[in-house]
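Chain residues, written in single-letter form:
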Amino acid sequence: MQTEEKLEGVTHEETLRRAREVLDRNWTGTFTMPSHELYPQQWSWDSALTSMGLIHVDQGRAQEEMRSLFRAQWENGLLPHIVFSGHAGNDYFPGADYWDVRRNPYAPRDVPCSGLAQPPLHASAVLHLLQVAPDREDALEFAKEMYPKLRAWHDYLYRERDPRREGLAYICHPWESGRDNSPVWDEVMARIQFKRSDIPDYRRNDSDDWIRDGRPSNKDYDVYIYLCEVLKRLDFRDADVARECPFLVQDLLFNSILCQAEQDMAELAEAVGADPVIHRRRGEWTAEAFRRKLWDNRHDIFLPHDLRLDRPLQRHEIGGFSPLFAGIPDRFQARRCHEMLDSEAFGPVGDKTCFAVPSYSREDIDYDPTNYWRGPVWLNIGWLIGMGLRRYGYSEHARWLFRSVRELPRRSGFRERYHTETGEGEGVDNFSWSAAVYLHCHHEGLFEGQETL
Ligand code: 2M8
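What counts and what doesn't
- Residues numbered from 1 in each chain as written.
- Predicted model: local features only at pLDDT ≥ 70, side-chain atom pairs only at ≥ 80, totals over all residues.
- Heavy atoms only, no water.
- Near = heavy atom within 4 Å.
- Polar contact = N/O pair within 3.5 Å; in protein donor to acceptor, adjacent residues only side chain to side chain.
- Areas by Shrake-Rupley, 256 points an atom, 1.4 Å probe, with all protein chains shown as cover.
- pLDDT = per-residue confidence, 0-100.
- Helix = DSSP H or I, 4+ residues; strand = E, 2+ residues; numbered from the N terminus.
- Expected span 1.5 Å × (residues − 1).
- Bend = angle between axes of the 7 residues up to and from the residue.
- Disulfide = S-S within 2.5 Å.
- Pairing = 2+ DSSP bridges.
- Buried < 20%, exposed > 50% of the residue type's maximum accessible area, 1.4 Å probe, protein only.

**Q** Where do I start with the site of the ligand in this structure?
**A** Close to the ligand lie 18 residues; D46, Y92, Q118, G178 and D180 are nearest. R215 places a polar side-chain atom, nitrogen or oxygen, 3.1 Å from an oxygen atom of the ligand. When isolated, the ligand has an accessible area of 410 Å², and the protein chains bury 100% of it.

**Q** Honestly, the confidence of the model for the protein chain in this entry has me stumped. Any pointers?
**A** Atom-level detail of predicted coordinates should not be read off regions where pLDDT is low. Predicted confidence across the protein chain gives a mean pLDDT of 94, with 94% of residues reaching 70 or more. Predicted confidence in the protein chain is weakest over helix α9 (residues 209-212), with a mean pLDDT of 62, and strongest over helix α12 (residues 252-272), with 99.

**Q** Is there a simple way to explain helix α6 (residues 136-160) in this structure?
**A** Given 3.6 residues per helical turn, the α-helix brings residues three or four places apart onto the same face. A rise of 1.5 Å per residue sets the reference length of α6, with its 25 residues, at 36 Å; its end C-alpha atoms lie 35 Å apart and thus fit the reference within 8%. Approximately 35° is the largest bend angle found in α6, and it occurs at M146, with the proline P148 only one to four residues beyond. Here α6 starts with a cap whose side-chain oxygen sits 3.3 Å from the backbone nitrogen of E137, and that cap is D135.

**Q** Sorry, what's going on with the state of the cysteines here?
**A** Linking two cysteines covalently through their sulfur atoms gives a disulfide. Counted under the stated rule, the structure contains zero disulfides. C172 supplies the cysteine sulfur nearest to C245, a cysteine that is in no disulfide, at a spacing of 5.2 Å.

**Q** Looking at this structure, how should I read the sheet that holds strand β7 (residues 311-312)?
**A** Backbone hydrogen bonds hold the strands of a sheet together, and the pairing may be parallel or antiparallel. Read across the sheet, three strands follow the order β3-β6-β7 without closing on themselves; strand pairing throughout is antiparallel. The open sheet has two free edges, formed respectively by β3 (249-250) and β7, since each of these has just one partner strand. Sheet analysis places strand β6 (residues 305-306) next to β7, joined by two bridges and oriented antiparallel. From the neighbouring strand, H305 faces β7, where its bridge partner is P312.

**Q** Sorry if this is basic, but what is going on with unusual backbone geometry here?
**A** Note: most peptide bonds trans; most residues except glycine with negative phi. Of note, the bond from F93 into P94 is cis; its omega dihedral lies within 30 degrees of zero at -5°. With respect to the secondary-structure elements, P94 resides in the loop between β2 (82-83) and α4 (96-99). Following A356, the chain continues to V357 via a peptide bond in cis, the omega torsion being -5°. In this structure, V357 sits in the loop between α14 (331-341) and α15 (379-391). A positive phi angle, near 75°, is found at L38, a position not held by glycine. Relative to the elements of secondary structure, L38 occurs in the loop between α1 (12-25) and β1 (42-43). Taking relative accessible area as the criterion, L38 reaches 8% and is therefore assigned buried. You will see that F236, though not glycine, has its phi angle at about 55°, which is positive. Note on placement: F236 falls in the loop between α10 (218-233) and α11 (238-244).

Structure (structure tokens):
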């Protein structure tokens with residue numbers, strides 16, 4: 001474990017103040033954009049995370065964040081991954097006109113949005129809001145308002161995204177994973193063949209070199225857009241997507257978050273007077289599917305499943321540890337996950353310090369500590385895996401992860417991501433979920449010295 005070292009950077013109190021400042025700065029009046037540069041719209045799982053930090057700033061804003069997102073919910077329950085808003089600027093590509101989601105009868109007529117999903121962290125966020133809100137009565141009213149929407153969202157995932165009825169939802173685009181260019185998708189991406197004329201001429205909005213640096217490659221972007229073209233051609237009809245989309249994967253992070261969200265829905269249901277049983281059953285069904293189908297006995301690690309070729313994707317990246325978050329692994333599986341997290345691939349190396357936790361195995365030749373989801377540390381993932389380690393009693397290791405969540409913003413500000421060896425910030429600055437995770441961890445007493453570990 002990384003032990004005490006001389007701390008650099010601003011104080012914890014000052015960092016907390018800056019975290020609140022970031023959330024204020026990115027607040028549009030109805031939602032918080034991930035950042036002014038590059039992400040001037042509302043993103044689905046960003047907003048769930050952000051509301052968990054916002055609750056410590058302003059209860060009304062934390063709730064409005066969720067309301068604003070769910071205004072774009074489709075009639076079939078899909079919660080879109082981006083909600084577009086005119087006053088936040090129109091320069092994100094692909095924008096609302098490109099998505100043209102109204103070709104699908106369930107898409108909202110009056111709220112511009114995308115046609116993809118993102119990890120379903122929302123029920124967990126709403127439960128958290130209920131648990132810590134200063135105004136309890138108002139929080140319960142809000143939970144009652146949100147419960148049916150969350151129920152429709154989860155029903156959609158189990159009904160439409162699980163054609164084989166296995167308890168595991170598929171994703172049909174790397175953007176749905178939240179880890180866009182993770183090496184875990186490389187194999188599937190390389191298999192997707194198309195002609196230049198199959199995709200429109202387009203201009204990436206991240207065209208400034210400093211931003212593009214460490215972002216997905218142009219080649220990746222062409223495939224992303226090609227996949228969007230496929231989904232548009234199918235009018236985003238789920239049954240056809242399941243049959244035809246060349247990218248169809250049971251992702252570990254997405255399903256772990258879903259599994260935890262179902263456990264949290266059971267608690268929410270009890271709080272609002274609804275029946276918790278279906279949520280407990282679905283949560284356990286998903287957990288069981290992980291242990292049975294997604295555990296790889298040869299490598300002793302969870303692996304995502306490629307539904308197109310019906311085989312696992314053999315890459316070791318942070319998604320492999322996300323089942324800990326939802327309490328999915330049995331004791332043996334948890335121990336193996338922990339060993340891998342503590343190895344040279346993901347843990348501290350010798351007496352070299354390193355920040356936790358690299359998004360991809362340092363032992364792999366594709367590892368790149370400066371490229372997006374191919375190596376850098378992301379604070380939301382540090383929190384999520386830290387919670388998982390804690391759940392299984394690996395407290396010392398969890399402390400190491402939370403120490404990174406605390407130290408990185410103190411040294412480098414609320415950046416989008418960080419270099420795992422140097423701790424330098426990368427990507428956009430004043431990034432909302434980094435600020436929100438910091439506030440959340442502070443208020444939950446997860447930082448060292450706050451005695452709850
Ligand atoms: C990144 O994804 C978007 C596409 O959805 C992009 O690259 O433009 C990812 O890091 C994703 O997880 C995140 O939600 C989004 C906004 O922060 O940016």
